[in-house]
Amino acid sequence: MTRLDPALWLDRPGMGKLFDALEAAADATRVVGGAVRDGLLGRPVADVDFATRLRPDDASARLRRAGIKVVPTGLSHGTITAVLAGRPYQITTLRIDAETFGRHARVVFTDDWQADAARRDFTVNAMFARALGGEVSDFYGGLEDLRRRIVRFIGEPEARIAEDSLRILRFFRFAAQLDFGMDPAGLKACAARARDLLSLSRERIREELLKLLSARDPVPATQAMLAHGILTPILPEATDLPRLARLVAAEARAEAAPHPLRRLAALLPEDPALARALGSRLRLSRKDSARLEAALTAGPVPRDPRVLAYARGAEAAIDRLLLTDDPRAPAWLPRLADWKRPQLPVSGRDLIALGLAPGPEVSRRLKAVEARWVAAGFPEDREAALALARTELETA
Ligand code: ATP
Ligand code: MG
């Protein structure tokens, strides 16, 4: 019997109270999904999700009586969220998805662990661990697939995708995150049903794509998606796999933290208008959209990369150094990461004091002074900046 060290979750504040409330000692509640998978792989366990035989209203009442905060996050499909020391834990009642309509299902609660495992997406995501002893139950060959490092659907892949097309994106996302291979039958089914992705919300698509692109090496999964036409319905502009591979290598050389928007940019043609269009299509925030736009604005990084950092932000300079595989990246990245945008130490008032007549000319000339100051390497000293202002005013 495979066992997982329960210290992985037991050490968290409030967990003892939660297990008492949810009758973990009587095996009414088990750890499930990502925490079991990642624990078995020796990867860091972030979120811990629970499966329980208790009905949602019963589980909520018990938790509240124990003084634990409960949020009814997904009551219709049996999920509540308990909050322990500010951290959310999802608790889902064992269920069977009786009928599915798009991403929604008519839910029937059950007492049967295996039936609950059967409605989950992949074999490696469908294992339970006993809350107190850590014994693992594996009904669908998850342990074997962990050993073989492969993502595989539970049941018939096309049917599982027909129930919920988000599973297509999750298939590639987990392959990338876990650095796993993909079951060929699953790949084939994803390819056959790629157009189902059009029914997903843009937010969901964005979320999954960015998670996939955050993986240490997203190249093999992205390559599989391109090869099987999975990106065509959702990101037809993405073609440049070699550039993504070069970026991943450049990040490794510079010891740069990966960033999903930078990786997304690497897949796309350098076209700021496309970045804006994609920003609205994928419902990116204004800030993320601006970052993508800067990353897709062609051109080499200036001799002093701070010039670009000053104009578009330090992140933009870092992104461009990496995306253009600039040999200065390893040296400049740490400097840019700590870089504070300097303030021009002269103002329009100074220009007027130097003899310029008040009016619209002042702001135009101030811009020119700023350009000189940037070109001079941002001298902080006010006298040096005033000298630049005088030179500017002396030129007609
Ligand atoms: P992580 O949280 O690390 O991304 P996870 O495996 O915990 O990975 P969640 O999205 O938190 O993934 O979902 C928890 C569990 O719920 C999964 O492990 C899986 O068993 C099940 N699950 C989630 N989404 C689906 C889905 N669309 N179809 C079927 N099962 C799903
Ligand atoms: Mg999870």
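To be clear, the structure that these remarks concern was listed above.
Since the model is a prediction, treat every value here as computed from it, not as a measurement.

Colleague: I would appreciate a short explanation of the overall build of the protein chain in the present structure.
Modeller: Looking only at helices and strands, the protein chain features 21 helices and 11 strands. For a compact globule of 396 residues, the expected C-alpha radius of gyration is about 21 Å, and the protein chain comes in at 27 Å, more than 25% above that figure. Dimensions of the protein chain along its principal axes, counting C-alpha atoms only, are 85 × 50 × 35 Å. For the protein chain, the exposed area adds up to about 18600 Å²; of that, 52% sits on carbon and sulfur atoms. Between the mean site of the 61 positive side-chain charges and the mean site of the 53 negative ones, the protein chain shows a separation of 2 Å.

Colleague: How do you make sense of the packing of helix 16 (residues 305-312) against helix 17 (residues 314-323) when you look at a structure like this?
Modeller: For any two helices packed against each other, one specifies the crossing angle of their axes together with the interaxial distance. Running from amino to carboxyl end, helix 16 crosses helix 17 at an angle of 130°, the nearest separation of the two axes being 6 Å. For the element pair helix 16 / helix 17, the angle class is oblique. The two elements helix 16 and helix 17 meet at a crossing, and its hand is right-handed. In contact with P305, L308, A309 and R312 of helix 16, helix 17 contributes A314, A316, A317, R320 and L321. When the residues that make up the contact of helix 16 with helix 17 are grouped by side-chain class, the tally is 7 nonpolar, no polar and 2 charged.

Colleague: Help me understand the nonpolar core, please; the structure alone is not making it clear to me.
Modeller: For soluble globular proteins, the rule of thumb is that nonpolar side chains tend to be buried together. L18, F50, L63, F171, F172, L264 and L322 are the most contacted members of the largest nonpolar core, which totals 116 residues. Top contributing element to this core by residue count: helix 8 (residues 166-178), with 9 residues. Core analysis: the second largest hydrophobic core is formed by 8 residues, W113, A117, A126 and I154 among them.

Colleague: Would you mind going over unusual backbone geometry with me for this structure?
Modeller: A negative phi holds for most residues other than glycine; trans holds for most peptide bonds. Look at D325: it is not a glycine, yet its phi comes out positive at around 50°. Here D325 lies in the loop between helix 17 and helix 18 (329-337). For D325, a relative accessible area of 31% translates into the label partly exposed. The phi torsion at F378 lies on the positive side, around 55°, for a residue other than glycine.

Colleague: How should the site of ligand 1 be read in this particular structure?
Modeller: Near ligand 1, the surroundings consist of 14 residues, among which R37, N125, D164, R167 and R173 are the closest. The contact in question runs from an oxygen atom of ligand 1 to an N or O atom on the backbone of N125, over 2.9 Å. Between R170 and ligand 1, the recorded distance is 2.9 Å, taken from a side-chain N or O atom to an oxygen atom. With the chains in place, 77% of the 580 Å² that ligand 1 exposes on its own is no longer accessible. Listed by contribution, the elements that provide at least two residues to the shell around ligand 1 are helix 3 (34-41) and helix 8. Examining the composition of the shell around ligand 1, we find that 4 residues originate from one element, helix 8, more than from any other. Classifying every residue of the shell around ligand 1 by side-chain character gives 1 nonpolar, 3 polar and 10 charged.

Colleague: Which parts of the structure should I look at to understand the packing of aromatic side chains?
Modeller: Two numbers describe a pair of aromatic rings. These are the distance of the centres and the angle of the planes. One pass over the structure, following the stated rule, counts 13 aromatic pairs. Considering the side-chain rings of F122 and F171, the 6.0 Å spacing of their centres and the 50° angle between planes classify their relative orientation as tilted. Of this pair, F122 sits in the loop between helix 5 (113-118) and strand 8 (128-130) while F171 sits in helix 8, and the two are 49 residues apart along the sequence. In this structure, F122 and F171 share a single accessibility class: buried. Both rings, one in W373 and one in F378, keep their centres 5.3 Å apart while their planes meet at 90°; by these two values the pair is edge-to-face. Using a relative accessible area of 6% as the deciding quantity, one classes F378 as buried. Taken together through their ring pairs, the aromatic side chains of F122, F153, F171, F172 and F174 make up a single cluster.

Colleague: Quick question: what am I supposed to make of the environment of A185 here?
Modeller: Tracing the backbone shows A185 in helix 9 (residues 184-192). Look at A185 and you get partly exposed, because its relative accessible area is 41%.

Colleague: Looking at this structure, I do not really get the pairing of strand 7 (residues 104-109). What am I missing?
Modeller: Along any regular strand the residues' side chains alternate between the sheet's two faces. Pairing of strand 6 (residues 95-101) with strand 7 involves 6 bridges; the strand directions are antiparallel. Residue R95 lies in a different strand from strand 7, and its bridge partner there is F109. Taking the residues that link successive antiparallel strands as the turn, the strand 6-strand 7 hairpin has 2 residues, and the phi of G102 there is positive, at about 60°.

Colleague: How do you make sense of helix 18 when you look at a structure like this?
Modeller: Because each turn of an α-helix spans 3.6 residues, side chains separated by three or four positions end up pointing in the same direction. A329, W332, L333 and L336 are the residues of helix 18 that are buried. Here the buried residues of helix 18 occupy an arc of 110° about the axis, which is enough to place them on one side. Against the buried residues of helix 18 lie helix 16 and helix 17.

Colleague: In this structure, what is going on with the sheet that holds strand 4 (residues 79-84)? I would like to understand it.
Modeller: Through backbone hydrogen bonds, the strands of a sheet pair up, either in parallel or in antiparallel fashion. Read from one edge to the other, the open sheet built from 7 strands follows the order 3-4-5-2-1-8-9, with strand pairing classed as mixed. The sheet is open, and its two borders are formed by strand 3 (69-74) and strand 9 (136-137), each paired with just one other strand. Taken together, the 3 bridges between strand 2 (residues 49-52) and strand 5 (residues 87-93) define a ladder with parallel strand orientation. If you follow T52 over to strand 5, its bridge partner there is T93. The sheet contacts of helix 3 involve strand 1 (29-32), strand 8 and strand 9, and relative to strand 1 the element is tilted by about 60°.

What counts, and where the lines are drawn
Residues numbered from 1 in each chain as written. Chains lettered and ligands numbered in written order. Predicted model: local features only at pLDDT ≥ 70, side-chain atom pairs only at ≥ 80, totals over all residues. Heavy atoms only, no water. Helix = DSSP H or I, 4+ residues; strand = E, 2+ residues; numbered from the N terminus. Rg over C-alpha atoms; globule rule 2.2 N^0.38 Å. Areas by Shrake-Rupley, 256 points an atom, 1.4 Å probe, with all protein chains shown as cover. Lys, Arg positive; Asp, Glu negative; His and termini not counted. Charge placed at Lys NZ, Arg CZ, Asp CG, Glu CD. Axes fitted to C-alpha atoms, helices over the stretch in contact; angles between N-to-C directions. Parallel < 35°, antiparallel > 145°, perpendicular 65-115°, else oblique. Left-handed = near helix turned anticlockwise from the far one by under 90°. Contact = heavy atoms within 4.5 Å. Nonpolar A, V, L, I, M, F, W, Y, C, P; charged D, E, K, R; others polar. Core = buried A, V, L, I, M, F, W, Y, C linked by side-chain atoms within 4.5 Å. Buried < 20%, exposed > 50% of the residue type's maximum accessible area, 1.4 Å probe, protein only. Near = heavy atom within 4 Å. Polar contact = N/O pair within 3.5 Å; in protein donor to acceptor, adjacent residues only side chain to side chain. Phe/Tyr/Trp six-rings, centres within 6.5 Å; stacked < 30°, edge-to-face > 60°. Pairing = 2+ DSSP bridges. Arc of directions from axis to C-beta.

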